[in-house]
Amino acid sequence: MAGDTNTARVSDCVVLAKVPDGPLSAEHFALRNEEVPEPGPGEVLVRVQAITIGAGQRAGLQGSASYAGAPETGVVMRGTGAGIVEASNADGISAGDTVVGWTGWRRHAVMAADELRVADSTLDPALHLGVLGTNGLTAYFGLLDVGRPTAGETVVVSAAAGSVGHIAGQIAKSLGCRVVGVAGSDEKCSLLVDEIGFDVAINRHSPDFRAEFRAATPDRINLYFDNTGGEILGSALFRMATFGRIVCCGAVSAYDTANPDPSPRGIPGLLVNNQVRMQGFIVFSYADRYDEARTQMREWIEAGSLVPRHVTYDGLESAGGAFVDLLAGRTVGTTIVRLGD
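All values reported here derive from a predicted model rather than from experimental measurement.

(A) Quick peek at the sheet that holds strand S12 (residues 240-248). Strand order in this open sheet of six strands is S10-S9-S8-S11-S12-S13, and the pairing throughout is parallel. Sheet topology places strand S10 (200-203) and strand S13 (277-280) at the edges, where each strand pairs with a single neighbour. Sheet twist, expressed as the mean angle between neighbouring strand axes with direction ignored, is 15 degrees. Relative to strand S9 (residues 178-183), strand S8 (residues 154-158) is paired through five bridges, and the arrangement is parallel. Among the inter-strand pairings, Val 155 is bridged to a residue of S9, identified as Val 179.

What follows is the structure in structure tokens.
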């Protein structure tokens, strides 16, 4: 293939066709063909089997995620994928290995070996991209290292049926906490309680949300795991216990709109009065401890105390629509796009 463009492999990819200035739509993305080069020294060719889409990628399209860089049209969408190595020029990675890395939204990716993680080929790629990927790691370190819950405490999780929230809530529950979820529909609330194991779940769209939120936190909130910002964060601020902690993980309420909610009232007054600690974090700061987290979460999965959820879309052409569904609250758990074997 190298040096002969007439015989170069052509493969599918998804590019950003237009930078959104309001709510995202499938028309902001386009399916394209790209030439796939031969892997050079220290590189491998990956046939991508699945990619994952997260709400945080919407912040990247706004240019508000410092780690993502500025959005550019015509460029392959960034994102994590899992796949099979077709050819390798790198020590430590062989053809046939399962690998995970920032492949982007494409069917074939040529990548440097140090950009990839060799993963267990016996597991579903959805697990590598979800609970054992960035989503699960975010829940693990955000909850345990930043939030530091203890048995008997009340933990509230917003966007609780999402890719990070449903994992964070289960970890808190396994530690003996009382876990309250906030989600976007009655169906999601039922799932959180009946299938995932939360103690209580509240629909953020309920006309009686504030009263229901107070009733669900009679002893106030010791730890609030915030994935949304906006009005839900505002409600939590008024329910925090003395010496409570707020983990700022995401702000999905501000991602898919040109007019995000204003910052909640009560900062810094409520923080000072109740001696509350409010801290943000970025999961990439914990890279040297990823193996520790994955080992622990696999133990929880095998013990049945952690049940990861995901919703699946088929075909690379469905990725844009999957992203829109995610932001509209129509998905549960991790959003996975399968590209086939």
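Once the structure has been displayed, the description carries forward.
(B) Spatial organisation of the packing of aromatic side chains. Throughout the structure, instances matching the rule amount to nine aromatic pairs. Their ring planes at 70 degrees and their centres at 6.0 Å tell us that Trp 105 and Phe 323 sit as a pair that is edge-to-face. Of this pair, Trp 105 sits in the loop between strand S5 (98-101) and strand S6 (108-112) while Phe 323 sits in helix H10 (residues 319-327), and the two are 218 residues apart along the sequence. For Trp 105, a relative accessible area of 0% puts it in the buried group. For Phe 323, a relative accessible area of 0% translates into the label buried. Ring geometry for Tyr 140 versus Trp 300: centroids 6.1 Å apart, planes at 45 degrees, classification tilted. Remark: Trp 300 occurs in helix H9 (residues 290-303) and Tyr 140 occurs in helix H3 (residues 134-147); sequence separation between them is 160 residues.

(C) Structural context of the environment of Thr 242. Here Thr 242 lies in strand S12. Spatially, the C-alpha atoms of Thr 242 and Arg 220 are 8.9 Å apart, while their sequence positions differ by 22 residues. In contact with Thr 242, not counting residues within four places along its chain, are Asn 274 and Gln 275.

(D) Quick look at the pattern of salt bridges. The tally for this structure, following the rule as stated, stands at 12 salt bridges. The salt bridge partner of Arg 47 is Glu 86, with a shortest N-O separation of 3.1 Å. Separated by 39 residues along the polypeptide, Arg 47 in strand S3 (residues 43-53) and Glu 86 in strand S4 (residues 81-88) bring together distant segments of the chain. Its relative accessible area of 23% is what places Arg 47 among the partly exposed residues. Given a relative accessible area of 28%, Glu 86 falls into the partly exposed group. The partner of Arg 309 in a salt bridge is Glu 195, with the nearest N and O atoms 2.8 Å apart. You can see Arg 309 sitting in the loop between H9 and strand S14 (310-314) and its partner Glu 195 sitting in helix H5 (residues 186-196), a full 114 residues away along the chain. Through salt bridges with shared partners, a single ionic network connects Arg 9, Arg 47 and Glu 86.

What counts, and where the lines are drawn
- Residues numbered from 1 in each chain as written.
- Predicted model: local features only at pLDDT ≥ 70, side-chain atom pairs only at ≥ 80, totals over all residues.
- Heavy atoms only, no water.
- Pairing = 2+ DSSP bridges.
- Helix = DSSP H or I, 4+ residues; strand = E, 2+ residues; numbered from the N terminus.
- Axes fitted to C-alpha atoms, helices over the stretch in contact; angles between N-to-C directions.
- Phe/Tyr/Trp six-rings, centres within 6.5 Å; stacked < 30°, edge-to-face > 60°.
- Buried < 20%, exposed > 50% of the residue type's maximum accessible area, 1.4 Å probe, protein only.
- Contact = heavy atoms within 4.5 Å.
- Salt bridge = Lys/Arg side-chain N within 4 Å of Asp/Glu carboxyl O.

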